[in-house]
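Spelled out, the chains give:
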Amino acid sequence: MSTTALNDLFRYPIVQAPMAGGASGPALVGAVGEAGALGFLAAGYKTAGSLYQEIKQVRGLTGQPFGVNVFMPQTGPTVDPAAVEVYRHQLAGEAGWYETQLGETDDCRDDGYESKLAILLDDPVPVVSFTFGCPKPETFQAFARAGTYTIVTVTSAEEARTAQAAGADALCVQGVEAGGHQGSYRDDPAEEQPGAGLLALLTLVREATALPLVAAGGLMRGAQIAAVLAAGAAAAQLGTAFLACPESGAHPLHKRALTDPLFNRTALTRAFSGRPARGLVNRFMREHGPYAPAGYPEIHHLTAPLRKAAATAGDAQGMALWAGQGHRLARELPAGELVEVLAAELDTALTELAAPAPRSAS
């Protein structure tokens, strides 16, 4: 594996995924960085001021490199207001059950993008990644002048070529196995197709671009990291694997659900946010997923009070339990210890791959 600027950012080729909603806060990012991997703050759903404070906290916890992930403004097809209102009506029973109001959906499509860029350019962090689209070339040029390494999440070879042409330093290749939102550039139901599995997508992107690749999607063990490195990735990104760590900000019900036999599979759904996202199948997903319209982030804001009320009530059946396909392999280890275990597993797997195969007796 050749040394790149990306690999200079960490001791181990392990990246802790940015998980919006509170899971990947300063405590987790700091612990991951101190252990020799690359931690990521999630800027999504935060104000610019909150992001600034979290960056300060991370710097107080570790002197190691870390990253910040930013959601691109939603510029795809205009959401049908009538469809959102129909879904609001369908969720009225949930609001009554949890004794809360449904959220408002107006003026919420850019997630404070420009304000967050201003903070990241004024006081640069080592790495910035982008999800749900690709910035303009001048944005990449500004980060390059600031000394920030840039990564763009892609879910197809076409998206990868776009990011390379725009000036990204690296790509995060996200397979359909990944937990949480699919990071595709567009979300048009008329063009919707099943996502590609990670190994197939990694090969397609590797042959379409020359950029370093970070592989993401269902990875939970060191042997899987070895597999994606062998397939051409420079590093592996893991999200669900870090959810169960004590430093994770995920709700305790979410952490327990990862290995609870009651939640035995994941699925992609629009039920909670209006955009395809993979989570543990629960009552809310089963009842509302078939009817949820394409409408991100409007549906995310609409259901936010419901999800919060369900968590307060201790009802995992009403929460968005984001998780990748490997969720049953989650381990309740401190983040630093998990990084060390993954690194040891990776080393063992690479050693076994390099060992000559035993010759069969003639």
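See the structure printed just above.
For the rest of this paragraph, the subject is the pattern of salt bridges. If you walk through the whole model with that rule in mind, you get eight salt bridges. E54 is the salt-bridge partner of K46, the closest N and O atoms lying 3.4 Å from each other. A salt bridge links E94 to R283, with the shortest nitrogen-to-oxygen separation between them at 2.7 Å. Of this pair, E94 sits in helix α4 (residues 92–98) while R283 is found in helix α12 (residues 283–288), placing the two residues 189 residues apart along the sequence. Judged by its relative accessible area of 7%, E94 falls in the buried class. Several salt bridges share partner residues, and in doing so they unite E94, R283 and E287 into one network.

Turning our attention to helix α2 (residues 48–61). Compared with the 20 Å implied by 1.5 Å per residue over 14 residues, the 20 Å span of α2 between its first and last C-alpha is a close match. Those residues of α2 not exposed but buried are A48, L51, E54, I55 and V58. For α2, the arc enclosing every buried residue in end-on projection is 115°, short of the 170-degree limit, so these residues lie on one face. As for α2, its buried residues are in contact with α1 (26–34), β2 (39–42), β3 (66–71) and α5 (113–122).

In this section: the packing of aromatic side chains. Here the distance between the centres and the angle between the planes together describe a pair of aromatic rings. Under the defined criterion, the tally for this structure stands at seven aromatic pairs. Plain terms: the ring middles of F130 and F143 are 6.1 Å apart, the flat faces sit at 65° to each other, and that makes the pair edge-to-face. One end of the pair, F130, is in strand β4 (residues 127–131); the other, F143, is in helix α6 (residues 137–146), with 13 residues separating them in the sequence. For the pair F130 and F143, one class covers both residues: buried. Pairing F272 with W322 gives two aromatic rings, centres 5.7 Å apart and planes at 85°, and the pair type is edge-to-face. Taken together, the residues F272 in the loop between β10 (266–269) and β11 (277–280) and W322 in the loop between α13 (298–312) and α14 (335–354) connect sequence positions 50 residues apart. Each member of the pair, F272 as well as W322, carries the same accessibility label: buried. Linked through ring pairs, Y45, F71, F132 and Y296 together constitute an aromatic cluster.

Locating K116 in the fold gives a position in helix α5. Not counting residues up to four positions away in its chain, the partners in contact with K116 are A43, G44, Y45, K46, T47, A48, L51 and D111.

On to the packing of α2 against α5, then. Between α2 and α5, the shortest axis-to-axis distance is 9 Å and the interhelical angle comes to 30°. Considering the angle they form, α2 stands roughly parallel to α5. When you trace α2 past α5, the crossing you get is right-handed. Where α2 abuts α5, its residues A48, L51, Y52 and I55 lie against S115, K116, I119 and L120. Of the residues contributing to the contact of α2 with α5, the split by class is six nonpolar, one polar and one charged.

Glancing now at the sheet that holds strand β9 (residues 235–238). Pairing is parallel in the open sheet, where eight strands are placed in the order β1-β9-β8-β6-β5-β4-β3-β2. The open sheet terminates on both sides in strands that have one partner only, identified here as β1 (14–16) and β2. For this sheet, the mean inter-axis angle between neighbouring strands, taken without regard to orientation, is 25°. On the sheet, α5 packs against β3 and β4 and is oriented at approximately 160° with respect to β3. Contacts from helix α7 (residues 157–166) reach β5 (149–154) and β6 (170–174), with the element oriented near 160° to β5.

Here the focus is the environment of P212. With respect to the helices, strands and loops of the structure, P212 is situated in the loop between α8 (198–208) and β8 (213–216). It is 19 Å that separates the C-alpha atoms of P212 and T139, two residues lying 73 residues apart in sequence.

This brings us to the nonpolar core. Grouped together as the largest cluster of nonpolar side chains are 101 residues, with contacts concentrated most on V68, F130, V152, L171, L238 and F242. Top element by residues in this core is α14. It accounts for seven residues. Beyond its immediate chain neighbours, meaning those up to four positions away, F242 contacts I14, Q16, M19, L28, V32, S248, A335, L338, V339 and L342.

The next subject is unusual backbone geometry. Generally, phi is negative for residues other than glycine and the peptide bonds are trans, each holding for most cases. Backbone torsion omega between Y296 and P297 reads 5°, so that peptide bond is classified as cis. With respect to the helices, strands and loops of the structure, P297 is situated in the loop between α12 and α13. Here Y45, not a glycine, exhibits a phi torsion of approximately 70°, which is positive. For Y45, the position within the fold is in the loop between β2 and α2. Note on Y45: relative accessible area 29%, which makes it partly exposed. Even without being a glycine, D111 presents a positive backbone phi close to 55°.

Looking now at the sheet that holds β10. Reading across from one edge, β7-β11-β10 is the order of the three strands in this open sheet, with antiparallel pairing throughout. Each edge of the sheet is formed by a strand with only one pairing partner; in this case those strands are β7 (180–181) and β10. Alignment of β7 against β11, held across two bridges, turns out to be antiparallel. Looking at the pairing, G180 lines up with R278 of β11.

Cut-offs used in this document
Throughout this description, residue numbers start from 1 for each chain and increase along the sequence as written. Residues qualify for local features only when their pLDDT is at least 70, as the model is predicted, and side-chain atom pairs are given and counted only at 80 or more; totals for whole chains, interfaces and linings, by contrast, use all residues. Neither water nor hydrogens contribute to the side-chain values; these are computed over all heavy atoms in the structure. Should a side-chain nitrogen of Lys or Arg be within 4 Å of a carboxyl oxygen of Asp or Glu, the pair is scored as a salt bridge. Only DSSP runs of H or I with at least four residues qualify as helices, and only runs of E with at least two residues qualify as strands; both kinds are numbered from the N terminus onward. Each residue is placed in one exposure class: buried if its accessible area under a 1.4 Å probe, protein chains only, is under 20% of its type's maximum, exposed if it is over 50%, and partly exposed if it falls in between. To estimate the expected span of a helix, count its residues, drop one, and scale the result by 1.5 Å. Directions drawn from the helix axis to the C-beta atoms are what define this arc. Note on contacts: a residue pair is in contact if any heavy atoms of the two residues lie within 4.5 Å. Pairs were defined over the aromatic rings of Phe, Tyr and Trp, the Trp ring being its six-membered one, requiring ring centres within 6.5 Å. Orientation was assigned from the angle between planes: stacked under 30 degrees, edge-to-face over 60, tilted for the rest. A fitted line through C-alpha atoms represents every axis, and for helices the fit uses only the stretch in contact; the resulting angles, taken between N-to-C directions, go from 0 to 180 degrees. Any angle that is under 35 degrees is reported as roughly parallel, and any over 145 degrees as roughly antiparallel; angles of 65 to 115 degrees are reported as roughly perpendicular and all others as oblique. Take the far helix as your reference; a near helix turned counterclockwise from it by less than a right angle gives a left-handed crossing, and one turned clockwise gives a right-handed crossing. Residue classes follow a fixed rule: Ala, Val, Leu, Ile, Met, Phe, Trp, Tyr, Cys and Pro count as nonpolar, while Asp, Glu, Lys and Arg count as charged, and any other residue, Gly among them, counts as polar. Here, a strand pair is defined by DSSP locating no fewer than two bridges between the strands. What makes a nonpolar core is a set of buried Ala, Val, Leu, Ile, Met, Phe, Trp, Tyr and Cys residues whose side-chain atoms join them at distances within 4.5 Å.

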